[in-house]
Amino acid sequence: DSRTEILGLLWGSILFVRPGSVVVIGVAAVAFAAFALLFNKELKVLLFSRTIASATGVHETFVYALFLALAGILLAVNLPLVGGLMIFSLITNPAAAAYQICRGHRAVVVASTLFGVLSAVGGFIASYYLNLPTGACIVLTSTLLFALAALSRTLARRTD
């Protein structure tokens, strides 16, 4: 049924994953991690400003194209397993929450990683105890973390 396949792409389904897909996901993850380690400085300046990256001698077109290609591959191979809504949620919410409460690139990266892990673990636990879909619980947990971070920043501004 096509409706089931569409819902599977939105929410993800373990049933859509083939054994070969697991290998592809692992290889893509390792390639992206290696890229992030090798081009760490270039990525920092490039994601801050492409103009500054170009002015400082970074081959911004090459690095940016490689970043987009690897990110696209990671998204494409994870879409059937994780689902589009959860991928979008886990890309944006932890980073946005970290940006609300942290200053500095390193602090934001560490906090967003921790918020992503907390969202996944919290969503799994909530799913287990409340007998609800795991993907939806993870999305709601990451959204709740972002809301709490935004509220925290708002309250901190009021006290200043």
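Residues numbered from 1 in each chain as written. Predicted model: local features only at pLDDT ≥ 70, side-chain atom pairs only at ≥ 80, totals over all residues. Heavy atoms only, no water.

The phi torsion of most residues other than glycine is negative, and most of the peptide bonds are trans. Residues other than glycine seldom take positive phi values, yet asparagine 131 does so here, at roughly 55°. In this structure, asparagine 131 sits in the loop between α7 (105–130) and α8 (134–159). (Helix = DSSP H or I, 4+ residues; strand = E, 2+ residues; numbered from the N terminus.)

Before going further, it helps to spend a moment on the pattern of salt bridges. One pass over the full model with this rule turns up one salt bridge. Across the pair glutamate 60 and arginine 50 runs a salt bridge whose closest N-O atoms are separated by 2.9 Å. Here glutamate 60 is found in helix α5 (residues 60–82), whereas its partner arginine 50 is found in helix α4 (residues 50–55), with 10 residues between them in sequence. Take arginine 50: its relative accessible area is 38%, and that puts it in the partly exposed class. (Salt bridge = Lys/Arg side-chain N within 4 Å of Asp/Glu carboxyl O. Buried < 20%, exposed > 50% of the residue type's maximum accessible area, 1.4 Å probe, protein only.)

A few words now on α5. For α5, built from 23 residues, the straight-helix expectation of 33 Å at 1.5 Å per residue is met to within 8% by its first-to-last C-alpha distance of 31 Å. Where α5 is concerned, the buried positions are Glu60, Val63, Phe67, Leu70, Leu74, Val77 and Asn78. Against α2 (19–38), α3 (40–48), α4 and α6 (84–101) lie the buried residues of α5. Positive phi shows up at glycine 83, right after α5, with a value of about 95°. (Expected span 1.5 Å × (residues − 1). Contact = heavy atoms within 4.5 Å.)

None of this, on its own, says anything about what the molecule does.
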